[in-house]
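Structural overview
Letter by letter, the chains look like this.
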Amino acid sequence: FCLMAAPGKVAAFRLPPLPTIGEIIKLFRLKALKQLSQNFLLDLRLTDKIVKQAGELKNAHVCEVGPGPGGITRSILSAGVEQLLLIEKDARFIPGLQMLSEAAPGKVRIVHGDILTYKMEKAFPKHLKKNWEDEPPDIHIIGNLPFSVSTPLIIKWLENVSKRDGPFIYGRTQMTLTFQKEVGERLIANPGSNQRSRLSIMAQHLCTVENCFIIPGQAFVPKPEVDVAVVHFTPLVQPKIQQPFELVEKVVQSVFQFRRKYCFRGIETLFPENGRLKRTEQLMMMANVDPTLRPFQLSMSQFRNLCNAYRKMCDEDPSLFVFNYREELRQKKMKRSTNQTEQSEEENQL
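In this text, all values refer to a predicted model and were calculated from it rather than measured experimentally.

**Description of the overall build of the protein**
For the protein, the count of helices and strands is 13 helices and 10 strands. Put simply, the protein has 350 residues, and 49% of those count as buried. For the protein, the accessible surface area stands at approximately 17700 Å², while carbon and sulfur atoms represent 51% of it.

**Comments concerning the UniProt feature "binding site: S-adenosyl-L-methionine" (unreviewed entry) in the protein**
Those residues carrying the UniProt feature "binding site: S-adenosyl-L-methionine" (unreviewed entry) are Asn-39, Leu-41, Gly-66, Glu-88, Asp-114 and Asn-144 in this numbering. Counting through the fold element by element, Asp-114 comes out in the loop between β5 (108–112) and β6 (139–143). By the secondary structure assignment, Asn-144 is in the loop between β6 and α5 (147–163). The residues touching Asn-144, leaving out its near neighbours within four places in the chain, are Asn-39, Val-65, Gly-66, Ile-72, Thr-178 and Phe-220. One polar contact links Asn-144 to Thr-178, side chain to side chain, over a distance of 2.9 Å.

**Some details on helix α2 (residues 44–53)**
For α2, the set of buried residues is Leu-46, Thr-47, Ile-50 and Val-51. All buried residues of α2 lie within an arc of 140 degrees about the axis, which places them on one face of the element. Those residues of α2 that are exposed and angled more than 90 degrees off the buried face are Arg-45 and Lys-52. Packing partners of the buried residues in α2 comprise β2 (40–41), α3 (71–78), β6, β7 (174–180), β8 (207–215) and β10 (228–235). You can read the cap of α2 off the contacts: a side-chain oxygen lies 2.9 Å from the backbone nitrogen of Arg-45, and it is on Asp-43. Following α2 by one or two positions, Gly-55 adopts a phi angle in the positive range, close to 100 degrees.

**Side note on the environment of His-61**
Relative to the helices and strands, His-61 resides in strand β3 (residues 61–65). Overall, His-61 belongs to the buried group, its relative accessible area being 8%. Each C-alpha atom of the pair His-61 and Ile-139 lies 4.9 Å from the other, and the pair is 78 residues apart in sequence. His-61 has contacts with Glu-82, Gln-83, Phe-124, Pro-125, Leu-128, Asp-138, Ile-139 and His-140, leaving out every residue within four places of it along the chain.

**A word on the side chain of Glu-268**
Mapped onto the fold, Glu-268 is located in helix α9 (residues 263–268). The buried category is assigned to Glu-268, whose relative accessible area is 16%. Residue contacts for Glu-268: discarding those within four places in its chain leaves Arg-276, Leu-277 and Thr-280.

**Considering the pairing of strand β4 (residues 83–88)**
Counting buried positions over the 6 residues of β4 gives 6, a clear majority of the element. A two-sided burial pattern is seen for β4, the buried positions comprising Gln-83, Leu-85 and Ile-87 on one face and Leu-84, Leu-86 and Glu-88 on the other. In this structure, β3 lies alongside β4, joined through 5 bridges in parallel fashion. Bridging across to β4, Cys-63 finds its partner in Leu-85. Across 5 bridges, β4 lies against β5 in parallel orientation. Bridge pairing in β5 links Leu-85 to Arg-109.

**Observations regarding the environment of Ala-189**
Tracing the backbone through its elements, the reader meets Ala-189 in the loop between α6 (181–188) and α7 (198–204). Given the relative accessible area of 5%, Ala-189 is considered buried. For the pair Ala-189 and Phe-296, spaced 107 residues apart in the sequence, the C-alpha separation amounts to 9.3 Å. Non-local contacts of Ala-189, meaning those with residues more than four positions away in its chain, are made with Gln-195, Arg-196, Ser-200 and Gln-204.

**Section: the packing of helix α8 (residues 245–255) against helix α11 (residues 300–316)**
In the contact formed by α8 and α11, the axes pass within 10 Å of each other and the chain directions differ by 115 degrees. When the axes of α8 and α11 are compared, the crossing they make is right-handed. Facing Leu-247, Val-248, Lys-250, Val-251, Val-252 and Val-255 of α8, the residues of α11 in contact are Phe-303, Leu-306, Cys-307, Tyr-310 and Arg-311. Of the residues that constitute the contact of α8 with α11, the class distribution is 9 nonpolar, no polar and 2 charged.

Criteria and thresholds
Residues numbered from 1 in each chain as written. Predicted model: local features only at pLDDT ≥ 70, side-chain atom pairs only at ≥ 80, totals over all residues. Heavy atoms only, no water. Helix = DSSP H or I, 4+ residues; strand = E, 2+ residues; numbered from the N terminus. Buried < 20%, exposed > 50% of the residue type's maximum accessible area, 1.4 Å probe, protein only. Areas by Shrake-Rupley, 256 points an atom, 1.4 Å probe, with all protein chains shown as cover. UniProt positions renumbered as here; feature names shortened; annotations may be inferred. Contact = heavy atoms within 4.5 Å. Polar contact = N/O pair within 3.5 Å; in protein donor to acceptor, adjacent residues only side chain to side chain. Arc of directions from axis to C-beta. Pairing = 2+ DSSP bridges. Axes fitted to C-alpha atoms, helices over the stretch in contact; angles between N-to-C directions. Left-handed = near helix turned anticlockwise from the far one by under 90°. Nonpolar A, V, L, I, M, F, W, Y, C, P; charged D, E, K, R; others polar.

This is how it looks when you write it as structure tokens:
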């Protein structure tokens, strides 16, 4: 990672006249790369609207993920932030961001690096730290994320929320992020909704999730084939499921493995073949969950019951948690293949 533009303090702030985002794109010959699923937002009224969803940013510390040509960056700076950390993976955007940094002396720090590997624990000053039970700290994460990165990144951050590390070492840091409209719908989906998925449970058990508004695809350059949702996250003081992230994720993933079948079918995959049926029935009874419900019909409290019951069974038999259904299938397939090879060799000898 390389750091540029040392942080400092300045009084009341207003951006000087600058080339438009469109002009910056032409000036630095920037082109959205399809393989990085990049889409630029040039309308500053929309970038202002996104930033407004983050709440009061005056004198706040903000991290913007993937600023690109800097449209949202300008709106964040215009909101009067104290410090702005920009994390950009694509080196082509750095010169344009450097221009913004020079227009806002002492306010902007640019990191050329990947947000998926960047250590957020040291991104902000220590004095901003708040207790988890307190109001959220004066720290915000904002980003118009490339579609290819948005889901793995939010899962990573939800794990950080659960463990109170990464950007959440400072307290209940708020996030305002863009997603494909369909992903946005999954994040807020209620029980019974067709969009209800693993993402719905993982997000809602750890955060208050609000779908703020939809940006039509034609507002972006190049125009994506889908509309874009702006989603705001505030970590909850108490998660709805009081179990380790890995355990919740394993149960939820298993349940949704066969989303069109009864939930019983997915839950079976938590257990080895030997004794599978008996253990699945035991778990469903302990959790008091109807085995004929579909995964998307289960409520948060039913998922909580399933996780608590599975935890109890894992405490009694620690080998359960490390059991991997896919690995078991792979081993069976290999064994079958070996047996067939041996059989055909025997036939050849005969």
